[in-house]
Each structure stands twice: as C-alpha cells, then as structure tokens.
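# Structural overview for review
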Amino acid sequence: HTRLRTVTGVQTCALPIFPAFHYQVGKAGGRLIRCAEYALYGTQALSDAVIAALGDRTACLMANHGMLAHGPTLPAAVALAAEVEVLSRQYLIARSAGSPVLLTDAQMDEALDRFTRYGQPEQG
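Right, let's walk through the structure included here. (Residues numbered from 1 in each chain as written. Predicted model: local features only at pLDDT ≥ 70, side-chain atom pairs only at ≥ 80, totals over all residues. Heavy atoms only, no water.)

Structurally, Gln-24 can be placed in the loop between β1 (17-18) and β2 (33-36). Note on Gln-24: relative accessible area 14%, which makes it buried. Not counting residues up to four positions away in its chain, the partners in contact with Gln-24 are Glu-83, Leu-87 and Phe-115. (Helix = DSSP H or I, 4+ residues; strand = E, 2+ residues; numbered from the N terminus. Buried < 20%, exposed > 50% of the residue type's maximum accessible area, 1.4 Å probe, protein only. Contact = heavy atoms within 4.5 Å.)

Mapped onto the secondary structure, Gln-90 falls in helix α3 (residues 74-97). Residue class for Gln-90 comes out partly exposed when judged on its relative accessible area of 35%. Separated by 68 residues in sequence, Gln-90 and His-22 place their C-alpha atoms 9.1 Å apart. In contact with Gln-90, other than residues within four places in its own chain, are Phe-21 and His-22.

Attention shifts here to the nonpolar core. Phe-18, Phe-21, Val-25, Ile-33, Leu-61 and Val-84 are the most contacted members of the largest nonpolar core, which totals 13 residues. When residues of this core are traced back to their parent elements, those giving at least two are β2, β3 (59-62) and α3. For this core, the element with the most residues is α3, which contributes 4 residues. Leave out the neighbours within four places in its chain, and Phe-21 touches Leu-87, Gln-90, Tyr-91, Pro-100, Val-101 and Leu-102. (Core = buried A, V, L, I, M, F, W, Y, C linked by side-chain atoms within 4.5 Å.)

Moving on to the state of the cysteines. Throughout the structure, instances matching the rule amount to 0 disulfides. Free of any disulfide, Cys-35 has its nearest neighbouring cysteine sulfur in Cys-60, separated by 7.6 Å. Judged by its relative accessible area of 12%, Cys-35 is buried. Residue classification places Cys-60 among the buried residues on the basis of a relative accessible area of 1%. (Disulfide = S-S within 2.5 Å.)

Glancing now at the pattern of salt bridges. Following the criterion strictly, the structure yields 4 salt bridges and no others. The salt bridge partner of Arg-31 is Asp-109, with a shortest N-O separation of 2.8 Å. In this pair, Arg-31 is assigned in the loop between β1 and β2 and Asp-109 in helix α4 (residues 105-117), connecting sequence segments 78 residues apart. On the basis of relative accessible area, Asp-109 is assigned to the partly exposed category, the value being 33%. (Salt bridge = Lys/Arg side-chain N within 4 Å of Asp/Glu carboxyl O.)

Geometric descriptors of this kind do not, in isolation, establish any biological role.
Put into structure tokens, the structure is as follows:
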C-alpha cells in the first residue's frame, strides 16, 4: 500500500505506550494505547504479546509491525484504525515540536465517560 502509515513511525520508537496527549486516545478503550513487545510475525509469541497489550482495549500498537484494531463490526474496526492513524500523525508532530502536554487520568476518565453517552440526548 502506498499510503503513509504514520502509526508505523510511532511504534518503531519503542514506546511502551501511546500516551493521552489527546482525549481521542480514549476511543481505543482506555487512558492510553499500549504497544505490544516485538516478536516475529506469524508466531505465538506475537499473538501472546498482542493479547497482553490489548487487554480490555480495542486497539494496540505492535512494536516494529504496525497496529491492530477491532470492533463490533468491520466498519467500526476500520474507523478505529483510521483514528489511531490520525492520532499517530498528530503525536509525531507534537513530539517534533517538543513534549506534548498529557491529559491527567481524571481528564481521560471524564472523556471516557462522555464517550459512553456521545450522541445520546442529555438527561434532565
């Protein structure tokens, strides 16, 4: 595929996590996106590393490979993968400009809570 894969640039930096520099990181199901440790493609070791990195999340990076995203439907998984790609580009730009300001756990918890109600009518 000829399209630039920014997420590959992020995961080759050997970062154990993709931090909460933007609340949209929460779309992957938590306060951060983990990066699975490197293992050779097609191996049980890579599968085990990905399962550990995913945990209860819907996306993870895979060191020196790329990313994995899943969802209740194929369109949902593709949309999440696209979101992580956009976040990767934003994160690399932010890191090239300095140290991105990270959101606190409380700020991310608030965003995660709001994601559960996004698009729903306000109660009250």
